[in-house]
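# Architecture at a glance
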Number of protein chains: 2
Amino acid sequence: MADNKIPYKIYLTEDEIPKQWYNVRADMKNKPAPLLNPATLQPLTAEELSAVFCEELVQQELDETTAYIDIPEEIREYYKSYRPSPTIRAYGLEKALGTPAKIYYKFEGNNTSGSHKLNSAIAQAYYAKKQGLKGVTTETGAGQWGTALSMACAHFGLDCKVFMVKVSYEQKPFRREVMRTYGADVTPSPSMTTEIGRKILEEYPGTTGSLGCAISEAVEVATHNEGYRYVLGSVLSQVLLHQSVIGLEAKTALEKYGVKPDIVIGCAGGGSNLGGLISPFMGEKLRGENDYRIIAVEPASCPSFTRGVYAYDFCDTGMVCPLAKMYTLGHGFIPSANHAGGLRFHGMSSILSQLYADGLMEAISVEQTAVFEAAEQFARVEGILPAPESSHAIRAAIDEALKCKETGEEKTILFGLTGTGYFDMVAYEKFNDREMNDYIPTDEDLQKGFAGIPRFPGNMD
Amino acid sequence: MADNKIPYKIYLTEDEIPKQWYNVRADMKNKPAPLLNPATLQPLTAEELSAVFCEELVQQELDETTAYIDIPEEIREYYKSYRPSPTIRAYGLEKALGTPAKIYYKFEGNNTSGSHKLNSAIAQAYYAKKQGLKGVTTETGAGQWGTALSMACAHFGLDCKVFMVKVSYEQKPFRREVMRTYGADVTPSPSMTTEIGRKILEEYPGTTGSLGCAISEAVEVATHNEGYRYVLGSVLSQVLLHQSVIGLEAKTALEKYGVKPDIVIGCAGGGSNLGGLISPFMGEKLRGENDYRIIAVEPASCPSFTRGVYAYDFCDTGMVCPLAKMYTLGHGFIPSANHAGGLRFHGMSSILSQLYADGLMEAISVEQTAVFEAAEQFARVEGILPAPESSHAIRAAIDEALKCKETGEEKTILFGLTGTGYFDMVAYEKFNDREMNDYIPTDEDLQKGFAGIPRFPGNMD
């Protein structure tokens, strides 16, 4: 069955873990638009950002010119405990599809956080420690990012305060317990421990919380407590920088076997995985060295690329965060409650938004029953139970491979398998019971979201 | 931090996956006692066993002389999808303990079944397929074995009928959904689908089931349906044979770096992991080529090695299975309900029982709060959230490493990390909430269990 020359799993050695992150902004002709202070509509300065974020992370956030940034030895040392992650040839899937396409995936789920999030969590925790901070705060929904950050903080002996959306805290207790096992302080949000939490609870006594509210609480604690800063697991340019290890490793692994992908596919929520996976390929494309088809895959129920507008908007529903220019559905947009597949963020990384606006990548949206069908097929033939998020990329990869079957083309497809679905079995159960539905927002739904986007000269006017 | 010569994770290449399983019985002077037919008290013949088990597996069960048995190419091919599993140097744990000991662990949790069980599941499914069977039946408690078997059956297109203890089916639905995602037919036991199930439900209308009852139902379905056989995930000698890949890979990996363990530690329930891990080391010990301290670690609440009797007993509480000579607490023994750490089987593999009786290995028991303390420490410094079962071995490894700290000895310790704890967060939650207790059975409790062991000349008389 297997192509003799290429193993199922290509493992690099620990020495081959990248020594530098790649900053794709350095090769972008059109730089991503800067974050704005919502009060002044002026680009945020390093000083302003440093009240919320660690200093070195602020530098990385603002650095648009340095192509390669050294990965500190302490971070590389931690990477060695779970990296390099394998680049896997999907022999089982190829056979099941009967396609002449050659399919590879970069698997980021083989660590306890269950996803690629750890790549940036350990970096952010390191810089917080280096700055002499006591701890960091963050928000989490189902808990993927919170788990990664808890692990990173345990490693560096940092206090980790996680505000977890109350409905997840109560109904999805397992990732909460993983975080607690790693010593994190997990508070259901909204809580009585913050001013904004108390205010929200007073206004909406029975609320089960939202990511926007949890962000507000986390930012409040970070800015009101000596020695704390706030950290975020996606969207930001610093996060995409850290996640470039995904793409760098995948590219090196494939090059060892003389393989060059024709198509690179990643799922897209806030953009952390997609941005990390495509970075080095996009770099070559930007520099005119190589061409790749690059495809972002998003849920049809939260279609920021494919149906959003490109405008400045708040990163959070609570409007405490800066304005970012991005493809957005409006910061008030919330995907239908029946959406089980993650990737719920209303906006998209500014870097990826600019690349998409410049026509350097494509975007498609897929419906969740089709996503879970792909997940089930993949699990059975590849032996890995994928995260619903990752399964968006699987769906697109399968569809491209089936096109190859029709045309007879032997295209090489690389996609990002961001994580495992062990904590998503409620969604799988729904699918197994054939109780999963699709929901695509109507144009009217979208207009409501767009209506909340701030209006100012040059934005939505 | 890291010893420059030895990486964190030693990965063998796919070519280095063992081509043969090692059958430790071939090197045992005192062979394990044969399985007996409980009606005749005579050793079970191949013919009798073939009514329940696949033919080739019966041959393996009875083969006490062939030291190396070829692994069929189809099984090796599947092994390549998740093996070789890494042999990991516990640099983080060593540093945290401040021990001069060098600690290694063989990690079997990096596949979707979450444990080593897949090593035997894929073998058993292969032989069932080869025999032209339609499917296999089995029982599962929390679902580790059932998940592994579901994955294996999905690969070979076999029907997989799993009887899952009702209380787990209802209270631990997540592994159930993993099994269903892999296409298994999962029935809560006792069920109305079997004669024995109906009988039990009539007698005990509100029962939430037991492993013994689930075994009885699985065996009934296997023997009453054309084209089905029953498969089991531990205890049997064939299972230890398949699991020898664990020890063979670990030994090869260490030898690459000139490392020879002084102590080999494994957790012990039915013995599948322990037997597999220690096999090649025990082989050298039996042949007088090398000496190793070999330590079985069991829960204090289910102490078959350390407090059981060595006698013939039923493998199941329902008394439908053969008699096996083993260290046993009596087939009616059930660990205290507060026991959360797995390894609940009342008996122990006949191979391991004989080796222990011959003084070739040691056994210790550990209490569950101490086990979860070890699990928490390990998770934080090694980044892997361990299964409670595996954490018994972690506890013992830490204790041995701390002894080295006292004495200054630089011993090399190898232990088996059988799996991950992602589906055990209820137990972790109990521990995190400081609501976990220890319970050690009294001598009186044990006497009750021993009273159920069959009496016949030479057994318990």
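See the structure shown above.
Predicted model only: the values in this text are computed from it and were never measured.

Before going further, it helps to examine the packing of aromatic side chains. Residues and elements named next belong to chain A. Evaluation of the coordinates by the stated rule reveals 41 aromatic pairs over all chains. A centroid spacing of 5.3 Å and a plane angle of 80 degrees characterise the contact between Phe372 and Tyr428, whose relative ring orientation is edge-to-face. Here the residue Phe372 occupies a position in helix α15 (residues 368-382), and Tyr428 occupies one in helix α17 (residues 425-432), the gap between them amounting to 56 residues. Each member of the pair, Phe372 as well as Tyr428, carries the same accessibility label: buried.

What follows deals with the side chain of B:Ser301. Residues and elements named next belong to chain B. With respect to the helices and strands, Ser301 occurs in the loop between β11 (293-299) and α13 (304-307). Overall, Ser301 belongs to the buried group, its relative accessible area being 8%. Separated by 2.8 Å, the side chains of Ser301 and His339 make a polar contact. Those residues in contact with Ser301, other than ones at most four positions away along the chain, are Phe333, Pro335, His339, Tyr439 and Pro441.

A separate point is the pattern of salt bridges. Residue and element names in this part refer to chain B. A complete count under the given rule lists 55 salt bridges over all chains for this structure. Arg83 is paired through a salt bridge with Glu249; the nearest N and O atoms lie 2.9 Å apart. With Arg83 in the loop between α3 (73-79) and β4 (87-89) and Glu249 in helix α11 (residues 237-256), this pair connects stretches of sequence that are 166 residues apart. For the pair Arg83 and Glu249, a shared accessibility class is recorded, and that class is buried.

This next bit is on the pairing of β11(B). The two faces of the sheet receive side chains in turn, since in a regular strand these alternate between them. All names here are of chain B. A large share of β11 lies buried, amounting to six of its seven residues. When strand β10 (residues 263-267) meets β11, the two strands line up parallel, connected through five bridges. Following the sheet pairing, Ile265 is matched in β11 by Ile295. With helix α12 (residues 272-286) bridging β10 and the parallel β11, this β-α-β connection has right-handed handedness. For β11 and strand β14 (residues 362-366), the ladder comprises five bridges, and the chain directions are parallel. Counterpart to Ile295 in the pairing with β14 is Glu362.

What follows is about the pairing of strand β13 (residues 323-328) of chain B. All names here are of chain B. Most of β13 is tucked away, with five of its six residues classed as buried. With six bridges joining them, strand β12 (residues 309-314) and β13 adopt antiparallel strand pairing. Each bridged residue has a counterpart across the sheet, and for Asp313 the counterpart in β13 is Ala324.

Before going further, it helps to spend a moment on the packing of helix α9 (residues 195-203) of chain B against helix α10 (residues 211-224) of chain B. Where α9(B) meets α10(B), the axes come as close as 8 Å, and the angle between the chain directions of the two elements is 145 degrees. Touching B:Glu195, B:Ile196, B:Gly197 and B:Ile200 of α9(B) are B:Cys213, B:Ser216, B:Glu217 and B:Glu220, all from α10(B).

The rolling of a water-molecule-sized probe over the atoms marks out the regions of remaining empty space. Considering all chains together, one arrives at seven cavities of 30 Å³ or more under this definition. Of the volumes computed, that of the largest cavity is approximately 490 Å³. Lining of the largest cavity is provided by 39 residues; of these, A:Phe107, A:Asn110, B:Phe107, B:Asn110 and B:Asn111 occupy positions nearest its centre. Tallied by class, residues from the lining of the largest cavity come to 21 nonpolar, 14 polar and four charged. Computed from the structure, the second largest cavity encloses a volume of approximately 130 Å³. Lining of the second largest cavity is provided by 16 residues; of these, A:Ser81, B:Tyr8, B:Gly92, B:Val381 and B:Glu382 occupy positions nearest its centre. Contributions of two or more residues to the lining of the second largest cavity are made by α3 (73-79) of chain A together with β4, α4 (91-97) and α15 (368-382) of chain B. Here the residues of the lining of the second largest cavity sort into eight nonpolar, four polar and four charged.

Once that is clear, we can look at the relation of the copies chain A and chain B. The relation between the two chain copies is a rotation about an axis coupled with a shift along that axis. For the pair chain A and chain B, the best superposition has an RMSD of 0.0 Å and corresponds to a rotation of 180 degrees with a translation of 0.0 Å parallel to the axis. When the rotation and shift are considered jointly, the pair of chain copies conforms to a two-fold rotation axis. Interface overlap between copies: 97% of the residues of chain A at the interface are likewise at the interface in chain B, consistent with a symmetric, same-surface contact.

What counts and what doesn't
Residues take numbers from 1 onward in each chain, read along the sequence in its written order. In the order they appear in the text, chains get letters beginning with A and ligands get numbers beginning with 1. Given that this is a predicted model, residues contribute local features only at a pLDDT of at least 70 and side-chain atom pairs are listed and counted only at 80 or more, while totals for whole chains, interfaces and linings are drawn from all residues. Each side-chain value is derived from all of the structure's non-hydrogen atoms; neither hydrogens nor water enter the calculation. For Phe, Tyr and Trp, where Trp contributes only its six-membered ring, two rings pair if their centres lie within 6.5 Å, and the inter-plane angle classes them as stacked under 30 degrees, edge-to-face over 60, or tilted in between. Strands are runs of DSSP state E lasting at least two residues, helices are runs of H or I lasting at least four, and both sets are numbered from the N terminus onward. A simple rule labels every residue: compare its accessible area, found with a 1.4 Å probe on the protein chains alone, to the largest value its type can have, and call it buried under 20%, exposed over 50%, or partly exposed in between. Under the rule applied, a polar contact is a pair of N or O atoms within 3.5 Å (in protein, one hydrogen donor and one hydrogen acceptor; residues adjacent in sequence only if both atoms are side-chain atoms). In what follows, residue pairs with any heavy atoms lying within 4.5 Å of each other are defined as contacts. When a carboxyl oxygen of Asp or Glu lies within 4 Å of a side-chain nitrogen of Lys or Arg, that pair is called a salt bridge. In this analysis, strands are considered paired if DSSP registers two or more bridges between them. If you view a crossover with the strands going away from you and the path from the first strand over the helix to the second runs clockwise, you call it right-handed. With axes taken as lines fitted to C-alpha atoms, and helix axes fitted only over the stretch in contact, angles between N-to-C directions fall between 0 and 180 degrees. A 1.4 Å probe that fits into a set of points on a 1 Å grid over the protein atoms alone but cannot get out defines a cavity; an open set with protein on both sides within 12 Å along at least five of seven lines defines a pocket, and lining residues are those with an atom within 4 Å of a point. Grid points are joined across faces, edges and corners, and a volume is the space filled by probe spheres set on the points. Nonpolar residues are Ala, Val, Leu, Ile, Met, Phe, Trp, Tyr, Cys and Pro. Charged residues are Asp, Glu, Lys and Arg, and all others, Gly as well, are polar. Fitting of the copies onto one another was done by least squares over C-alpha atoms, counting residues only where both copies have pLDDT of at least 70.

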